[in-house]
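# Commentary on secondary and tertiary structure
As a plain string of letters, each chain reads:
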Amino acid sequence: MCRRWLLLLGVVAPLLGIGAPDTGADTGNPAQHLAAVSQMPKLALVIDDLGQNASRDGRVLALPGPVAMAILPDTRYATALSQRAQAAGKTVMLHLPMAPAGGPYAWQPQLPPEELTNRLERALKKVPHASGVNNHMGSQMTVRQPPMVALMSELQRRHLFFLDSRTNARTVAAAAAQRIGLASLSRDIFLDDDPSPEAVAVQFRQALQLARKQGSVVIIGHPHQSTLALLERELPKLREQGIDWVDIGQMIATRSNRAMLAHGAKGIYR
């Protein structure tokens, strides 16, 4: 057990310095201010499907806090965006395609283990500076125990974290990560399954409510016009609403690999 937590801390520690909340001395007692911030509900934000459109990618890059940028490896701007995001202090993630997604990097059920590992290796080369991985689509893969166990072992070997996008309620990915002590998280809210402005606004309000209820929330959005407009408008208001927007690394440390109630019982993933 001690070795597992050392492995977890080995991944989390380098991430904590990225996008840490601003706790500048805007009060007469900085220690009290820091203590107050530490008690705030936490919110972590990941934007998926990046690398396809330079204009939308640029708007995500310009968001004023610790957004994590999940970049598709088989896109025109994948490598250049990864380099720009790393230079800007953003968390870079490989958005790994999984079946039913296709393409040269996609993990698919019929592929042998060696080819799955090869595809991960090549995808990481397309998205340099990635500190973690989450699944793009994947409803046909994340329910399969052997490939998910293999993936988590490979990520642990590479000192990368995993975020389960939970595209299938029967996913075993987060549980596989938890069993070996891999630094990991699970998504709570998709912002924009319905990308209409009204629906995105409802999802964002529900995300804030969930953060207050369970102490933290992990949100995944996509670079839709409606999503970006809402984030540009609402993210700067989070602190005054009592929500602490944190980096993925800090969220991993906050949750300590424990499942939220919607995903498990007593901190253990179902």
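All of the points below concern the structure found in this document. (Residues numbered from 1 in each chain as written. Predicted model: local features only at pLDDT ≥ 70, side-chain atom pairs only at ≥ 80, totals over all residues. Heavy atoms only, no water.)

### Re the nonpolar core
By size, the foremost hydrophobic cluster in this structure holds 57 residues, and its most contacted members are Met148, Leu151 and Met152. Here this core takes six residues from helix α8 (residues 197–214), the largest share from any one element. In contact with Met152, not counting residues within four places along its chain, are Phe162, Ala173, Ala176, Ala177, Ile180 and Leu182. Counting residues in hydrophobic clusters, the runner-up holds 16 residues, among them Ala70, Ala183, Phe190 and Val218. (Core = buried A, V, L, I, M, F, W, Y, C linked by side-chain atoms within 4.5 Å. Buried < 20%, exposed > 50% of the residue type's maximum accessible area, 1.4 Å probe, protein only. Helix = DSSP H or I, 4+ residues; strand = E, 2+ residues; numbered from the N terminus. Contact = heavy atoms within 4.5 Å.)

### Side note on the pairing of strand β4 (residues 132–137)
Most of β4 is tucked away: five of the six residues are buried. Here strand β3 (residues 91–98) pairs with β4 via six bridges, running parallel. When the bridges of β4 are listed, Leu94 appears paired with Val133. (Pairing = 2+ DSSP bridges.)

### Things to note about the packing of α8 against helix α9 (residues 225–234)
Packing of α8 against α9 brings their axes to within 9 Å, and their N-to-C directions diverge by 45°. Regarding the angle of α8 to α9, the classification is oblique. Considering only the axes of α8 and α9, their crossing is right-handed. Residues Pro197, Val200, Ala201 and Phe204 of α8 lie in contact with α9, whose contacting residues are Ser226, Thr227, Leu230, Leu231 and Glu234. Classifying every residue of the contact of α8 with α9 by side-chain character gives six nonpolar, two polar and one charged. (Axes fitted to C-alpha atoms, helices over the stretch in contact; angles between N-to-C directions. Parallel < 35°, antiparallel > 145°, perpendicular 65-115°, else oblique. Left-handed = near helix turned anticlockwise from the far one by under 90°. Nonpolar A, V, L, I, M, F, W, Y, C, P; charged D, E, K, R; others polar.)

### Here we look at the pairing of strand β2 (residues 68–71)
Two faces, one strand: in a regular strand the side chains alternate between the faces of the sheet. Residues of β2 alternate between two faces, with Ala68 and Ala70 on one and Met69 and Ile71 on the opposite face, all of them buried. The pairing of strand β1 (residues 42–50) with β2 spans three bridges and is parallel. Note on β2: the bridge partner recorded for Val46 is Ala68. For the segment spanning β1, helix α3 (residues 54–61) and β2, crossover handedness is right-handed. Where β2 and β3 come together, four bridges link them in parallel fashion. Paired with Ala68 across the bridge in β3 is Thr91. Handedness of the crossover is the feature at issue here: the chain leaves β2, passes through helix α4 (residues 78–87), returns alongside β3, and the resulting connection is right-handed. (Right-handed = clockwise from strand over helix to strand, strands pointing away.)

### Details of the pattern of salt bridges
Between side chains of opposite charge, a pair can form when the charged atoms approach closely. For the coordinates displayed, the defined rule picks out twelve salt bridges. Between Lys237 and Glu234 there is a salt bridge, and its shortest N-O distance comes to 3.7 Å. Note that Asp244 is salt-bridged to Arg239, the shortest N-O span being 3.1 Å. Because the salt bridges share partners, they merge into one network encompassing Glu121, Lys125, Glu154, Arg157 and Arg158. (Salt bridge = Lys/Arg side-chain N within 4 Å of Asp/Glu carboxyl O.)

### Structural notes on α8
The end-to-end C-alpha distance of α8 is 26 Å, a good match for the 26 Å that 18 residues give at a rise of 1.5 Å each. Looking at the buried side of α8, the elements it contacts are β1, β7 (189–190), β8 (216–221) and α9. At the exit of α8 stands Gly215, carrying a positive phi of roughly 95°. (Expected span 1.5 Å × (residues − 1).)

### Regarding the environment of Ala207
As for its placement among the helices and strands, Ala207 is situated in helix α8. We classify Ala207 as buried; its relative accessible area is 0%.

### A closer look at the packing of helix α5 (residues 113–126) against helix α6 (residues 145–158)
Axis angle and axis distance: for two packed helices, these are the angle between their axes and the distance between the axes, and together they describe the pair. Two elements in contact, α5 and α6, have axes separated by 11 Å at closest approach and are oriented at 40°. Taken together, the axis directions place α5 and α6 in an arrangement best described as oblique. For the pair α5 and α6, the sense of crossing is right-handed. Here α5 contributes Leu116, Thr117, Leu120, Glu121 and Leu124 to the contact with α6, which in turn contributes Pro147, Leu151, Glu154, Leu155 and Arg158.

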